[in-house]
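Each chain, letter by letter, is given below.
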Amino acid sequence: MAWIFSLSAECGAQQAVAEEFSHHFDQVSWVLSNGSQSQCRVGIFQDIEENWWCRVSPSHVSEVGIDTPESAYLMTELGILLYQRLQSAPGFRYALVGVEVDEFRTYTELLESSSTSAFPGLVLAQMMGEAMELSPDFRPFSPGYVWKPYEGEIYKPLMASSELKNKLNALLMVG
């Protein structure tokens, strides 16, 4: 199974809005600090509430998750570039960058949730923020949007290495 690193944005009930959003990112490319070039691929889809999403997936990034410090660094670099481009994107309701962030919350779930602070990097349309009780961590992102600042991607050796997991499990069995 592939683990996809992307920007996922929920664009509301109109397909045309998601299509316009996707055009803003389609084929955008960057040269990264390691010299590789990454190009954005886009796709739109509907969730169970029939709202439209756009997924923006940069190329040349790990599809097995964050398995090294280097992959965490490159994904963080791409995350920053995606957020920079998002600041000038056409309208959307909310967005998040990370590994496996597609449909991380439906519109209804997000409005009813009190755990928005659990999503560093979450960008919300101002009207959504006003309808929710946001933590003080949220700051202006761009005109009409607020966000909880992005913290980057994290390499967790215990998640990436079965050898280290086995050693930890053996340690936990002591006693």
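From a predicted model like this one, the values you see are computed outputs, not experimental measurements. (Residues numbered from 1 in each chain as written. Predicted model: local features only at pLDDT ≥ 70, side-chain atom pairs only at ≥ 80, totals over all residues. Heavy atoms only, no water.)

Visitor: Outline the nonpolar core, supporting the account with residue identities and numerical values.
Guide: A general tendency of soluble globular proteins is for nonpolar side chains to be buried together. F21 and L86 are the most contacted members of the largest nonpolar core, which has 49 residues in total. Here the element with the most residues in this core is helix α2 (residues 69-86); it accounts for eight residues. When neighbours within four sequence positions are excluded, F21 is seen to be in contact with L7, A9, C11, C54, V56, L86, A89, P90, G91 and F92. (Core = buried A, V, L, I, M, F, W, Y, C linked by side-chain atoms within 4.5 Å. Buried < 20%, exposed > 50% of the residue type's maximum accessible area, 1.4 Å probe, protein only. Helix = DSSP H or I, 4+ residues; strand = E, 2+ residues; numbered from the N terminus. Contact = heavy atoms within 4.5 Å.)

Visitor: Help me get a handle on the packing of aromatic side chains, residues and values and all.
Guide: Scanning all chains against the criterion turns up nine aromatic pairs. For the ring pair F21 and F92, a centre distance of 5.6 Å and an interplane angle of 70° mean the geometry is edge-to-face. Within this pair, whereas F21 is found in helix α1 (residues 15-25), its partner F92 is found in the loop between α2 and β5 (94-99), the two being separated by 71 residues in sequence. With respect to class, F21 is no different from F92; both count as buried. (Phe/Tyr/Trp six-rings, centres within 6.5 Å; stacked < 30°, edge-to-face > 60°.)

Visitor: Would you mind going over the pairing of strand β3 (residues 37-46) in detail, with residue names and values included?
Guide: Relative to β3, strand β2 (residues 29-31) is paired through three bridges, and the arrangement is antiparallel. Residue pairing in the sheet places W30 in a bridge with S38 of β3. In sequence, β2 turns back onto β3 through a hairpin of five residues, with G35 there showing a positive phi of about 90°. Here seven bridges tie β3 to strand β4 (residues 52-58), and the two strands are oriented antiparallel to one another. The partner of Q46 across the bridge, within β4, is W52. What sits between the antiparallel neighbours β3 and β4 is a turn of five residues, in which E50 has the positive phi angle 65°. (Pairing = 2+ DSSP bridges.)

Visitor: An account of the layout of surface pockets is requested, with residue identities and associated values reported.
Guide: Take a probe with the size of a water molecule and roll it over the atoms, and the empty space left behind shows itself. In this structure, the largest pocket occupies an estimated 680 Å³ of space. Along the walls of the largest pocket sit 21 residues, with I66, V99, E153, I154 and K156 positioned nearest its centre. Only β5 and α5 (157-160) provide two or more residues apiece to the lining of the largest pocket. Considering each element in turn, the lining of the largest pocket owes the most residues, four residues, to β5. Along the lines of polarity and charge, the residues of the lining of the largest pocket split into 14 nonpolar, three polar and four charged. (1 Å grid on protein atoms, 1.4 Å probe; cavity = no way out; pocket = protein on both sides within 12 Å on 5 of 7 lines; lining within 4 Å. Points joined across faces, edges and corners; volume = space filled by probe spheres on them. Nonpolar A, V, L, I, M, F, W, Y, C, P; charged D, E, K, R; others polar.)

Visitor: Lay out the environment of G129 with the relevant residues and their values.
Guide: Within the secondary structure, G129 is located in helix α4 (residues 126-131). Taking relative accessible area as the criterion, G129 reaches 11% and is therefore assigned buried. Distance in space between the C-alpha atoms of G129 and L111 is 8.9 Å, their sequence separation being 18 residues. Ignoring any residue separated from it by four or fewer positions in sequence, one finds G129 in contact with L124 and L134.

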